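In case you want the letters, here they are:
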Amino acid sequence: MSARLELENVCHRYGGDEPALENLSLAVEPGELVALLGPSGCGKTTALKVVAGLLRPTAGDVRVGGLSVVGTPPERREAAMVFQKPLLFPHMSVAQNVGFGLRMRGTRKEEAGRRAEEALRRVQMDGFAGRSPEELSGGQQQRVALARALVTEPRLLLLDEPFSALDANLREEMRELVLRLQREGGHTTVFVTHDQEEAVILAGRIALIFDGRLQMYDRPEAFYDRPATREVARFFGATNFIEGLAKNGSAHTPLGDLKLGRPAPPGALTLTIRPEAVRLEGGENSFRARVISASYLGTQVHYELQTAGTALRAALPPHVRLAVGDEVTARLPAESLWVLK
Ligand code: ATP
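The paragraphs below set out a description of the structure included in this document.

Scoring rules and cut-offs
- Residues numbered from 1 in each chain as written.
- Predicted model: local features only at pLDDT ≥ 70, side-chain atom pairs only at ≥ 80, totals over all residues.
- Heavy atoms only, no water.
- Near = heavy atom within 4 Å.
- Polar contact = N/O pair within 3.5 Å; in protein donor to acceptor, adjacent residues only side chain to side chain.
- Areas by Shrake-Rupley, 256 points an atom, 1.4 Å probe, with all protein chains shown as cover.
- Nonpolar A, V, L, I, M, F, W, Y, C, P; charged D, E, K, R; others polar.
- Pairing = 2+ DSSP bridges.
- Helix = DSSP H or I, 4+ residues; strand = E, 2+ residues; numbered from the N terminus.
- Axes fitted to C-alpha atoms, helices over the stretch in contact; angles between N-to-C directions.
- Contact = heavy atoms within 4.5 Å.
- Phe/Tyr/Trp six-rings, centres within 6.5 Å; stacked < 30°, edge-to-face > 60°.
- Buried < 20%, exposed > 50% of the residue type's maximum accessible area, 1.4 Å probe, protein only.
- Lys NZ or Arg CZ within 6 Å of the ring centre and 35° of its normal.
- Salt bridge = Lys/Arg side-chain N within 4 Å of Asp/Glu carboxyl O.

This part covers the site of the ligand. Surveying the vicinity of the ligand reveals the residues Y14, A20, P39, S40, G41, C42, G43, K44, T45, T46 and E161. Between the ligand and the protein, one listed contact pairs an oxygen atom with a backbone N or O atom of G41 at 2.7 Å. Summarising the interface, the protein chains cover 53% of the accessible area of the ligand, which totals 640 Å² for the free molecule. Residues of the shell around the ligand, tallied by class, amount to 4 nonpolar, 5 polar and 2 charged.

Written out as structure tokens, the structure reads:
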């Protein structure tokens, strides 16, 4: 059965000055898939190892199903981990690799074989039971590693960049497989990735970590619509930042007074808006701007607009044809402007 996972003020220090994790607190609901996302070295793998029991946190608590597991050895945590490399035993067949964990737990040979076959079927590898791991492609090996993780019916499924070594097409296939397994099995899953797109596709919620600290924990769309800070917005590709001064529901900016969708405390602020939300029309919050660059991307065209010393990016459908040097009227709808902290 899947379980609720809680991390409370988890800290980890390897010995250096900077902690690898600092006061990480988050809860993963039973059956939820959460992505731990962040740049290389931010502490994602450390967090996963703390959950798996491969590292003991310097401080803080980890609870599974409401009970603390700090001090419980990895093999008794009912957590299965899949790493970037499949780490299969080369001298065992695919079926033996998958059934190995069950055999170690004392499951009878026939029963272990039957369950290994079932797990291989779930990852669409049922025809490969008798093969040796070296007779499989990288993607197939990773499917076997997934089957090996699933066969013990773990309460937690922990995936550490499992598809980053695969090529783009295969990665997409594997993501679909993880989503299907997740729907069918309802495992509480933590997925580590540095790939923002992968996190958005897979996760119900994303925990974004920089330098061992949690920056934001929310549903994927919130990282685009309501980023917590400028750094979070940047990580998710935001490029439009407008400095201003808030006053009575508006912001005084170099583009003019912009009406805000939500009240902001008076004083200096930074606004952001997604390129897709910029409109080419008059009305509230509109201004004249000059097109200074255009990049055709197939389904969209990215334009850079310059006005009053501020550059703004607009993503428009390809049927809108603007040329570099054109003067346009652009509008930033109040409901799409987001005030950053
Ligand atoms: P990546 O995406 O590159 O795998 P990550 O986000 O998973 O990175 P971690 O592997 O958790 O990051 O590392 C977090 C920090 O702890 C980094 O600064 C790293 O150098 C350091 N670190 C990791 N493992 C050890 C170790 N065994 N000994 C000392 N420092 C370590």
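Spatially, β6-β7-β8-β3-β9-β10 is the arrangement adopted by the 6 strands of the open sheet, whose pairing is mixed. The sheet terminates laterally at β6 (79–82) and β10 (213–218), the two strands that pair on one side only. Across the sheet, the axes of successive neighbouring strands diverge by a mean angle of 15 degrees, strand direction being ignored. Sheet topology places strand β3 (residues 33–37) next to strand β8 (residues 188–193); 5 bridges connect them, and they run parallel. The residue bridging L33 from the neighbouring strand is T189, located in β8. Seen against the sheet, helix α1 (residues 44–52) touches β3, β6, β7 (156–160) and β8 and runs at an angle of roughly 155 degrees to β7.

Our next topic: the packing of aromatic side chains. As enumerated under the stated definition, the model contains 6 aromatic pairs in all. Ring geometry for Y224 against F236: centres 5.4 Å apart, planes inclined by 90 degrees, an arrangement best described as edge-to-face. Placement of Y224 in helix α7 (residues 220–225) and of F236 in the loop between α8 (230–235) and β11 (241–247) is noted, with a sequence separation of 12 residues between them. When its relative accessible area of 1% is taken as the criterion, F236 is described as buried. Grouped by ring-pair contacts, the aromatic residues F210, F223, Y224, F235 and F236 constitute a single cluster. The lysine or arginine in question, R230, covers the ring of F241, its NZ or CZ lying 4.7 Å from the ring centre.

So, on to the pattern of salt bridges. Here the structure, examined in full by the defined rule, presents 24 salt bridges. Its salt-bridge partner being R115, residue E111 comes within 3.8 Å of it at the nearest N-O pair. Here E111 and its partner R115 are both found in helix α3 (residues 109–122), 4 residues apart, which amounts to about one turn of the helix. Relative accessible area serves as the criterion here: at 27%, E111 is assigned to the partly exposed category. R219 serves as the salt-bridge partner of E221, at 3.1 Å between the closest nitrogen and oxygen. Owing to a relative accessible area of 46%, R219 belongs among the partly exposed residues under this scheme. A single salt-bridge network, built from bridges that share partners, covers R4, E6, E8, E29, D61 and R63.

Quick reminder: α-helices carry 3.6 residues per turn. Residues three or four places apart thus point the same way. Listed in full, the buried residues belonging to helix α2 (residues 94–104) are V94, N97, V98, G99, G101 and L102. In this structure, the buried side of α2 is in contact with α3 and α4 (138–150). Two residues or fewer after α2 comes G106, characterised by a positive phi angle close to 95 degrees.

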